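# Close look at the chain arrangement
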Amino acid sequence: MWRPPAILVIAAWAVTALAASDSAGADAGFPAKLRLERALPTRGVGLEHLRARDRARHGRSLLGASSSPASAAAGVVDFPVEGSANPFTVGLYFTRVKLGNPAKEFYVQIDTGSDILWVTCNPCNGCPTSSGLNIQLEFFDPDKSLSSSRISCSDDRCTSALETGEALCSTSDSSSSPCSYSFQYGDGSGTNGFYVSDTIYFDTVLGNEQIVNSSATIVFGCSNSQSGDLMKSDRAVDGIFGFGQHELSVISQLSSIGVAPKVFSHCLKGSENGGGILVLGEIVEPGIVYTPLVPSQSHYNLNLESIAVNGQTLSIEPSVFATSNTQGTIIDSGTTLTYLAEQAYDPFVNAIISSLSSSVRSIPSRGNECFVTLSSVDESFPSDNSIIWCIGWQKNQGSGITILGDLVLKDKIFVYDLANQRIGWTNYDCSLSVNVSASSSGKNQYLNAGQLDVNGSSQIAFANLLWASIAIVLVYILTLCSLRQ
C-alpha cells in the first residue's frame with residue numbers, strides 16, 4: 001500500500017531589522033534578528049488543519065487602547081507557562097490563573113490578539129469536559145464564590161465595554177440586567193457569556209526577590225455557551241487570557257490600580273517540551289531593540305517596510321505593507337503559524353525557489369509550497385525521498401494582513417511596553433532565567449525571574465534540524481520604524 005510521505009514544516013530563517021529607539025537598542029547594534037531555524041515533523045496532521053485553527057483565532061479583535069498613564073507597580077507578576085509552538089503536538093501556549101473564593105485554578109491560552117480574560121462557567125452549553133492536553137478542565141461557578149459579583153448594565157465598566165463593542169445590553173434591559181458578551185471567531189465558532197467581578201491570585205516578585213502571594217479584584221468573562229471548534233476536546237483549555245491594550249484586559253486593570261506595571265514580557269520556549277516565561281514587567285537583557293507600535297491600532301501593529309531574500313530586496317510595492325483597517329503587520333501569540341499578506345507571499349516564495357540548489361525540488365502539496373530533497377545535503381537535511389519539507393510561512397489568502405505567530409515568537413524575548421507604546425525583542429534561550437524590571441523605564445532595581453515551567457527541561461528538541469540548502473536562504477524583513485509622535 002502506498003503511504004503519503006511525511007511532511008516537515010519549514011520555518012524560514014527570518015531577520016527583522018529595527019531602528020533602535022533608545023540606548024539599549026543602540027548598544028545592541030543594527031539590525032535585530034528574528035530567526036526561525038527549525039523544521040517540525042508532522043504525523044497525520046495537515047497544514048490545512050492548522051490554518052483552519054488559526055483562522056478561528058483571527059476572528060478575535062482588540063477593540064481599543066487605554067490611554068491612561070501607567071501607575072507605580074508593587075512588583076513583577078509572574079505566571080507559569082506551558083504548551084509549545086509545535087503545531088503537531090500542542091500548537092499553543094497557556095498559563096494558569098486562580099480565580100474566586102475559594103480559589104480555583106484555570107488553564108487559559110496566552111493570546112496577545114485579544115483583550116478579555118474569560119473562562120468556562122457552570123452551567124455551560126457545548127463546553128468540553130476533557131482535554132487532549134492532559135490537563136484537568138474546570139468550571140467557574142460565580143454563585144459558589146464568596147467574592148463574586150455580576151456586572152450589571154448600569155455599571156460604568158459595562159458602559160465602557162459597550163462603547164467598544166465588547167459588551168451587550170439590550171435597550172429593553174433594566175439597569176440590573178447582566179452585562180453580557182458574544183465573541184464570534186473566523187471559523188464560525190464562538191462563545192457567549194456575562195461579565196463578573198472577582199478575585200485573581202498571582203505571585204508577585206518584590207525588589208528583594210521575595211515571592212509573595214498577591215490578589216486583586218478584576219472583571220473577567222464567564223462563558224456559558226460555546227460553539228464550533230471551541231467545543232472540541234483535543235486541545236481544549238478553560239478559556240483565553242487576552243493580553244491586549246483595552247481597559248478590560250487584565251494588564252490594563254492591574255496597572256490602573258497600581259499592582260503591576262503597564263508592560264508585560266514573554267519568552268516562549270521552542271523546544272518539544274515548550275514552556276517559558278510570562279511576566280507583568282519588563283525583561284531587561286542585552287540585545288533587546290525596541291520599535292514603536294503603530295498608533296491608534298487595535299492590535300500590536302509594527303511597520304513592515306520590505307522583504308529581502310539573500311540580501312536582494314523583493315519587488316513589492318511599499319503600499320502592500322501600509323497599515324490600515326485591512327492591512328498591516330501584527331504580533332499574535334494566539335496564532336500558531338506565520339502568515340504573509342497575499343501580495344507579498346508569491347514574490348517571497350518565488351525568491352526562495354530560485355535560490356534552491358539542484359538537489360532540492362519544489363512541489364506543491366495541498367496548496368502549500370513544499371520541497372523534496374533528492375540527495376543528501378548534509379545531516380541536518382535528511383536524504384530520504386519520502387520526506388517533504390513545507391514552508392511554515394503561509395499565504396494569508398485574500399488578506400493584506402501579515403501575522404507573526406508562534407513560529408516567530410518562540411525562542412525570543414518579547415517586551416510589550418504599553419506605557420511607552422513600543423515593542424522590543426531579541427533572540428534568547430528561554431530555558432534560562434531573565435532580569436525583569438517592575439518599571440517600564442527599566443531604571444529601577446532588576447529582579448531575576450525564572451520560569452514556573454512544570455517540564456523544567458532545557459533540552460532543545462530538533463536541535464540538529466538546522467538548515468542546509470533551504471536553510472541558507474535568508475529572509476530579511478526590514479522594518480522601518482517611524483519615530484514620529
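Check the entry above for the structure.
Please read all numbers here as calculations on a predicted model, not as lab measurements. (Residues numbered from 1 in each chain as written. Predicted model: local features only at pLDDT ≥ 70, side-chain atom pairs only at ≥ 80, totals over all residues. Heavy atoms only, no water.)

## Focus: the packing of aromatic side chains
What counts, and what does not: The pairing test for Phe, Tyr and Trp rings, Trp by its six-membered ring, is centres within 6.5 Å, and the orientation test on the planes gives stacked under 30 degrees, edge-to-face over 60, and tilted for anything in between. Counted as over-ring charges are cases with an Arg CZ or a Lys NZ within 6 Å of the ring centre that also lie within 35 degrees of the ring normal.
Under the counting rule described, the total for this entry stands at 15 aromatic pairs. Aromatic rings pair up to connect Phe79, Phe241, Phe243, Phe264, Tyr300, Phe414, Tyr416 and Trp425 into one cluster. In this structure, Arg422 packs its charged tip against the face of Tyr290, placed 3.6 Å from the ring centre.

## Concerning the state of the cysteines
Going by this rule: The disulfide criterion is simple: two cysteine sulfur atoms within 2.5 Å. Here a helix means four or more residues in a row that DSSP labels H or I, a strand means two or more in a row labelled E, and each is numbered from the N terminus. Exposure is judged per residue with a 1.4 Å probe applied to protein chains only, and the accessible area is read against the type maximum: over 50% gives exposed, under 20% gives buried, and values in between give partly exposed.
A complete count under the given rule lists five disulfides for this structure. For Cys158, the disulfide goes to Cys179, at an S-S distance of 2.2 Å. On the sign convention where negative is left-handed, the bridge of Cys158 and Cys179, at about 90° about the S-S bond, is right-handed. With Cys158 in helix α3 (residues 156–164) and Cys179 in the loop between α3 and β10 (180–184), this residue pair connects regions lying 21 residues apart in the sequence. Comparing Cys158 with Cys179, the two get one shared label, buried. With its sulfur 2.0 Å from that of its partner, Cys267 forms a disulfide with Cys430. Classification of the bridge connecting Cys267 and Cys430 rests on its S-S torsion, roughly -80°, and on that basis the disulfide is left-handed. Taken as a pair, Cys267 in strand β14 (residues 263–268) and Cys430 in the loop between β29 (422–427) and β30 (434–437) lie far apart in primary sequence, 163 residues in all. Of the two residues, Cys267 and Cys430, both sit in the buried class.

## Some thoughts on the pairing of β14
Stated precisely, the cut-off is as follows: Strands are treated as partners if at least two bridges between them are detected by DSSP.
Where burial is concerned, most of β14 is hidden: six out of the six residues are buried. Neither face of β14 is left uncovered, since the one carrying Val263, Ser265 and Cys267 and the one carrying Phe264, His266 and Leu268 both have all their residues buried. Relative to strand β28 (residues 412–417), β14 runs antiparallel, the two sharing five bridges. Each bridged residue has a counterpart across the sheet, and for Phe264 the counterpart in β28 is Tyr416. Strand direction decides the pairing type here: β14 and strand β15 (residues 276–280), joined by four bridges, are antiparallel. Bridging across to β15, Ser265 finds its partner in Val279.

## With respect to the pattern of salt bridges
Cut-off, in case you're wondering: Any Lys or Arg side-chain nitrogen found within 4 Å of a carboxyl oxygen on Asp or Glu counts as a salt bridge.
Within this structure, the stated rule accounts for eleven salt bridges. Among the ionic pairs, Glu82 bridges to Arg96, the shortest N-O distance being 2.3 Å. Taken together, the positions of Glu82 in strand β5 (residues 82–84) and Arg96 in strand β6 (residues 92–99) put the pair 14 residues apart, joining distant regions of the chain. On the basis of relative accessible area, Glu82 is assigned to the buried category, the value being 10%. We note a salt bridge from Asp411 to Lys410, for which the minimum N-O separation is 3.8 Å. Members of the salt-bridge network, linked through shared partners, are Glu82, Arg96 and Glu105.

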